[in-house]
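Inside the fold
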Amino acid sequence: MSPPELELLDGIHNGPRLSVTTPLDQVEAAARETDVLVLEFEAFRDGRGFSLGAILRERGFTGRLIAAGKILPDQARHLRRSGFDAVELNPGADRATWERMDHAFDAAYQAAIDPVPTIWQRRAAARSTTPPALPPKPDGDLHALAARLNEQVAGQDAAAILKAALDPALGLKTAAISSFGAEAAALLHLISDERPDLPVVFLETGQHFFQTLQYRSQLTASLGLTDVRLVTPDPQEKADLDARDDLWKTDADACCDLRKTRPLARATVGFTALVTGRKRHQASTRAGLKPFEVLDGVLRVNPLADWSADDVEDHLVAHALPRHPLVEQGYLSIGCHTCTRPVQQGEDARAGRWSGLDKTECGIHVERREPIAA
């Protein structure tokens, strides 16, 4: 079901007015203090307003959201799908055109906050012949399966490794994990070629760079990924452990556990295999990485395990894939803005993560000490 019709407003309306170029944290701060917020688009075709609207709705804003400024009638439906309730009509605007364009299309290319299936989802459903998954295999079987698959794919490329992991005959229920970071496009491109409807889990920590959130939307749309899942920390746990959003300053491990490890564990209950973009060259803790391994009773699939930084670059160039906008500023490994800095010349790619701390992993790729309830 689509959201209610977009209300067309004459003239300027009361409420805080912010440009869509305003940093996300300032927009969120304003939203917490009002039940009406006006976002002003400063240029036609500027997609930042749509991203801001969707992010505010995803993060719980229930107030009235109004679009204003340089917007066109053919954007009406996507404004509505991105969480806007109303639009301020510019002087001389043709109300009938806005009303007509709000209902001119019955299909969507880009996912939004509403449940309307995209064209990609419709196509995937129409051609889907994947048989029902078999019951999850016990942990012991997974270790044997990992060993067999590692032998099977020896010497093969990343696409073949991914294809082997997604073989329906294995009876695995599979998802992928992506940070939508500096090198994420490479793995996501392989996934889009093989199975664009594969669930992709994105850990929405609440502390990502705004550029990462924009990049996530851009990649999702350009690659035709149809099932990107945004996973957030448990609200009660966050209120108890990090009410002021400053836990990272005193205990980075606890912050990662709250915002990443626990949410991932809950979100992936029922999955028997998880595809990751990890590579051996990234850190000493990953030097022995194999294409298939078992972690916490789940098969981990690492198609890019033996890729170097040059391999990633070659793939991005060969397929003209979009780049994370922070890479050109020196961010070679991108996590939360609180714990990520640009890398200096000669430093390891992950040197900018938790700089100054004896910490190299957030915890989602290491064995859990305690089980997390579903």
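Located above this text is the structure these notes cover.
All of the points below concern the structure found in this document. From a predicted model like this one, the values you see are computed outputs, not experimental measurements.

1. Side note on the sheet that holds strand 5 (residues 86-89)
- Strand order in this open sheet of 5 strands is 1-5-4-3-2, and the pairing throughout is parallel. On the outer flanks of this sheet lie strand 1 (7-10) and strand 2 (17-19), each paired with one strand and no other. Along the sheet, successive strands turn relative to each other by an average axial angle of 30°, direction set aside.
- Alignment of strand 4 (residues 64-69) against strand 5, held across 2 bridges, turns out to be parallel. Note that in strand 5 the partner of Ala-67 across the bridge is Val-87.
- Across the sheet, helix 1 (residues 24-32) is in contact with strand 2 and strand 3 (36-41); its angle to strand 3 comes to roughly 150°.
- The strands that helix 2 (residues 48-58) touches are strand 3 and strand 4; relative to strand 3, the one it contacts most, it runs at about 160°.

2. What to know about the pairing of strand 4
- Where burial is concerned, most of strand 4 is hidden: 5 out of the 6 residues are buried.
- Note that strand 3 and strand 4 share 6 bridges and pair parallel. Within the sheet, the bridge partner assigned to Glu-40 lies in strand 4 and is Ala-68.
- Assessed by its sense of winding, the connection that carries the chain from strand 4 through helix 3 (residues 76-81) to strand 5 is right-handed.

3. What about unusual backbone geometry?
- Unlike most non-glycine residues, Phe-180 shows phi in positive territory, near 50°.
- Relative to the assigned elements, Phe-180 resides in the loop between strand 6 (174-177) and helix 8 (184-194).
- Overall, Phe-180 belongs to the buried group, its relative accessible area being 0%.
- The phi angle at Ala-320 is positive, at roughly 50°, despite the residue not being glycine.
- Inspection of the secondary structure puts Ala-320 in the segment after helix 13 (309-318).
- The exposure class of Ala-320 is exposed, given its relative accessible area of 65%.

4. Observations regarding the pattern of salt bridges
- On inspection of all chains with the given rule, the structure shows 21 salt bridges.
- Measuring nitrogen to oxygen at the nearest pair gives 2.8 Å for the salt bridge that ties Arg-95 to Asp-10. Linking Arg-95 in helix 4 (residues 95-102) with Asp-10 in strand 1, this pair joins segments that are 85 residues apart in sequence.
- Overall, the relative accessible area of 31% leaves Arg-95 in the partly exposed class.
- Close ionic contact of Asp-197 with Arg-195 constitutes a salt bridge, the shortest N to O distance being 3.3 Å.
- Arg-195 gets classed as partly exposed once you look at its relative accessible area, which sits at 26%.
- Via salt bridges that share partners, Glu-237, Asp-257, Arg-262 and Arg-266 belong to a single interconnected network.

5. A few points about the side chain of Thr-22
- Along the chain, the position of Thr-22 falls in the loop between strand 2 and helix 1.
- Under the relative-accessibility criterion, Thr-22 is labelled buried at 12%.
- In terms of polar contacts, Thr-22 uses its side chain to reach the backbone carbonyl oxygen of Ser-19, at 2.7 Å.

Thresholds applied
- Residues numbered from 1 in each chain as written.
- Predicted model: local features only at pLDDT ≥ 70, side-chain atom pairs only at ≥ 80, totals over all residues.
- Heavy atoms only, no water.
- Pairing = 2+ DSSP bridges.
- Helix = DSSP H or I, 4+ residues; strand = E, 2+ residues; numbered from the N terminus.
- Axes fitted to C-alpha atoms, helices over the stretch in contact; angles between N-to-C directions.
- Contact = heavy atoms within 4.5 Å.
- Buried < 20%, exposed > 50% of the residue type's maximum accessible area, 1.4 Å probe, protein only.
- Right-handed = clockwise from strand over helix to strand, strands pointing away.
- Salt bridge = Lys/Arg side-chain N within 4 Å of Asp/Glu carboxyl O.
- Polar contact = N/O pair within 3.5 Å; in protein donor to acceptor, adjacent residues only side chain to side chain.

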